[in-house]
Protein chains: 2
Amino acid sequence: MEYEQLKLDNQLCFRLYTAARLTIGAYHPYLDPLGITYPQYLVLLVLWEQDKQPVNDIAHKLFLETNTVTPLLQRMEKAGLVKRAKGKEDTRQRIVSLTKKGIEMREQAKHIPDCLSDEIIQITGEEEEFVRMIPTLDKLIEGLKRTTNNK
Amino acid sequence: MEYEQLKLDNQLCFRLYTAARLTIGAYHPYLDPLGITYPQYLVLLVLWEQDKQPVNDIAHKLFLETNTVTPLLQRMEKAGLVKRAKGKEDTRQRIVSLTKKGIEMREQAKHIPDCLSDEIIQITGEEEEFVRMIPTLDKLIEGLKRTTNNK
DNA sequence: TAATTTTGCATCGTGAACGATATAAATAAG
DNA sequence: CTTATTTATATCGTTCACGATGCAAAATTA
């Protein structure tokens, strides 16, 4: 059939796009009580690993553009989760640091990854199959990141 | 370590989210010349498989809400890709059909899936590993779809 | 048949994502 | 030292994605 390859069933990207959206949806019951969104949760993960980072470092670790992260951080600042201070050595930089509220949220969030794992196991019967996707996804992400940067 | 599970490296969802965004980015060189976005391309895939469908069917096949698809279709109508007509039997329905322009775009788009496959092979050296993710992603999508509907 | 509930779609508001562009500071080139 | 370029961040406009809500038509129930 001439158009066989256009069938939705054959598309990998559509699966990734849908799986990502639905998985983010599964975070809602845990993030809503904290008053944060999934991308904001990702920013917190980055800052919990290492506090006081410039916008660029956060964006880079999340594979996002700074023009996505800046408004995200502004909303998080308004919500009292982070502070944004001018850099000392390089005044162009904005050093993002956690507030007391942002630091304390780590304690409330620490169970979330295990909750999600449990949910996936409940839903699908096993976890191993999903863990096995991780290196493949990493390979894809690294490859795509390299090629789009060479544009 | 107490917060080990909060490390970004350990998160499956973050991989899915990032891989989806970057893969959609890889479609840009092919979709931009056609003047369509990735979600619009998905709508066209659905309509190319079967023309004249109500909004609800399109949304369901893409695992999206109708309040996401409606404005998407309105933009596509303005771009001259689809028509939206009141349903005959059920007047609540809006039957979406392809215009001449929408039908003809199929010919220009038919090579896109192969281009993307080639790109993934070039980037990563092989394709098989990614094809193997598809049934796992389907299992995850179906599972998540079921549980979120039972809410 | 009349009242109630459900269904299909649309509208509104908020928060991403990202291309394009702007701005100021740092760096490099002249 | 001055000019040009790069870098770090911010702003703007457009398009999703989706929860909440609205509305009219259809289906169900009384």
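To be clear, the structure that these remarks concern was listed above.
Residues numbered from 1 in each chain as written. Chains lettered and ligands numbered in written order. Predicted model: local features only at pLDDT ≥ 70, side-chain atom pairs only at ≥ 80, totals over all residues. Heavy atoms only, no water.

1. Some points on the sheet that holds strand S3 (residues 94-98) of chain A
All names here are of chain A.
Thinking step 1. The 3 strands lie next to each other as S1-S3-S2, forming an open sheet whose pairing is antiparallel. Of all the strands in the sheet, the pair left with one neighbour each is strand S1 (53-54) and strand S2 (82-86).
Thinking step 2. Looking at chain direction, S2 and S3 are connected through 5 bridges and run antiparallel. Residue pairing across strands places Lys 86 opposite Arg 94, the latter belonging to S3. (Pairing = 2+ DSSP bridges. Helix = DSSP H or I, 4+ residues; strand = E, 2+ residues; numbered from the N terminus.)

2. What to know about the protein's contact with DNA strand C
Thinking step 1. The immediate surroundings of DNA strand C are formed by 25 residues, with Gln40(A), Arg75(A), Tyr17(B), Thr70(B) and Arg84(B) found nearest.
Thinking step 2. One of the backbone nitrogen or oxygen atoms of Val55(B) is found 3.3 Å away from a phosphate oxygen of DNA strand C.
Thinking step 3. Secondary-structure elements contributing two or more residues to the surface near DNA strand C are helix H2 (38-49) and helix H4 (66-78) of chain A together with helix H1 (12-31), helix H3 (55-61) and helix H4 (66-78) of chain B.
Thinking step 4. Partitioning the surface near DNA strand C into residue classes produces 6 nonpolar, 11 polar and 8 charged. (Near = heavy atom within 4 Å. Polar contact = N/O pair within 3.5 Å; in protein donor to acceptor, adjacent residues only side chain to side chain. Nonpolar A, V, L, I, M, F, W, Y, C, P; charged D, E, K, R; others polar.)

3. Description of the pattern of salt bridges
Should the charged atoms of two oppositely charged side chains come close, the side chains can pair.
Thinking step 1. Inspection of every chain in the model, using the stated rule, returns 13 salt bridges over all chains.
Thinking step 2. Arg15(B) is paired through a salt bridge with Asp138(A); the nearest N and O atoms lie 2.5 Å apart. Taken together, the positions of Arg15(B) in helix H1 and Asp138(A) in helix H8 (residues 133-149) put the pair across two chains.
Thinking step 3. Arg15(B) gets classed as buried once you look at its relative accessible area, which sits at 8%.
Thinking step 4. Overlapping salt bridges, with partners in common, bring together Lys139(A), Glu126(B) and Glu129(B) in one network. (Salt bridge = Lys/Arg side-chain N within 4 Å of Asp/Glu carboxyl O. Buried < 20%, exposed > 50% of the residue type's maximum accessible area, 1.4 Å probe, protein only.)

4. A word on the environment of Ala19(A)
Thinking step 1. Along the polypeptide, Ala19(A) turns up in helix H1 (residues 12-31).
Thinking step 2. Judged by relative accessible area, Ala19(A) falls into the buried class, the value being 0%.
Thinking step 3. Taking the C-alpha atoms as reference, Ala19(A) lies 15 Å from Arg132(A); in sequence the two are 113 residues apart.
Thinking step 4. Excluding anything up to four places from it in sequence, Ala19(A) contacts Leu16(B), Leu137(B), Leu140(B), Ile141(B) and Leu144(B). (Contact = heavy atoms within 4.5 Å.)

5. Some points on the packing of aromatic side chains
Here the distance between the centres and the angle between the planes together describe a pair of aromatic rings.
Thinking step 1. For the coordinates displayed, the defined rule picks out 11 aromatic pairs over all chains.
Thinking step 2. With a centroid separation of 6.1 Å and 45 degrees between ring planes, the pair formed by Tyr38(A) and Tyr41(A) is classed as tilted. Here Tyr41(A) and Tyr38(A) lie together in helix H2, a separation of 3 residues that amounts to about one turn.
Thinking step 3. Three or more aromatic residues joined by ring pairs form one cluster here, namely Tyr27(A), Tyr38(A), Tyr41(A), Phe63(A), Phe14(B) and Tyr17(B).
Thinking step 4. Seen from the ring of Tyr17(A), Arg21(A) lies directly overhead, with NZ or CZ sitting 4.9 Å from the centre.
Thinking step 5. Positioned over the ring face of Tyr3(A) is Arg106(B), at 4.0 Å from the centre of the ring. (Phe/Tyr/Trp six-rings, centres within 6.5 Å; stacked < 30°, edge-to-face > 60°. Lys NZ or Arg CZ within 6 Å of the ring centre and 35° of its normal.)

6. Here we look at empty space enclosed by the protein
Thinking step 1. By the definition in use, this model includes 2 cavities of 30 Å³ or more.
Thinking step 2. What lines the largest cavity is simply Tyr3(A), Leu6(A), Lys7(A), Leu45(B), Trp48(B), Glu49(B) and Arg106(B).
Thinking step 3. No other element matches helix H2 (residues 38-49) of chain B, which puts 3 residues into the lining of the largest cavity.
Thinking step 4. Class assignment for the residues of the lining of the largest cavity results in 4 nonpolar, no polar and 3 charged.
Thinking step 5. When its volume is computed, the second largest cavity comes out at roughly 30 Å³. (1 Å grid on protein atoms, 1.4 Å probe; cavity = no way out; pocket = protein on both sides within 12 Å on 5 of 7 lines; lining within 4 Å. Points joined across faces, edges and corners; volume = space filled by probe spheres on them.)

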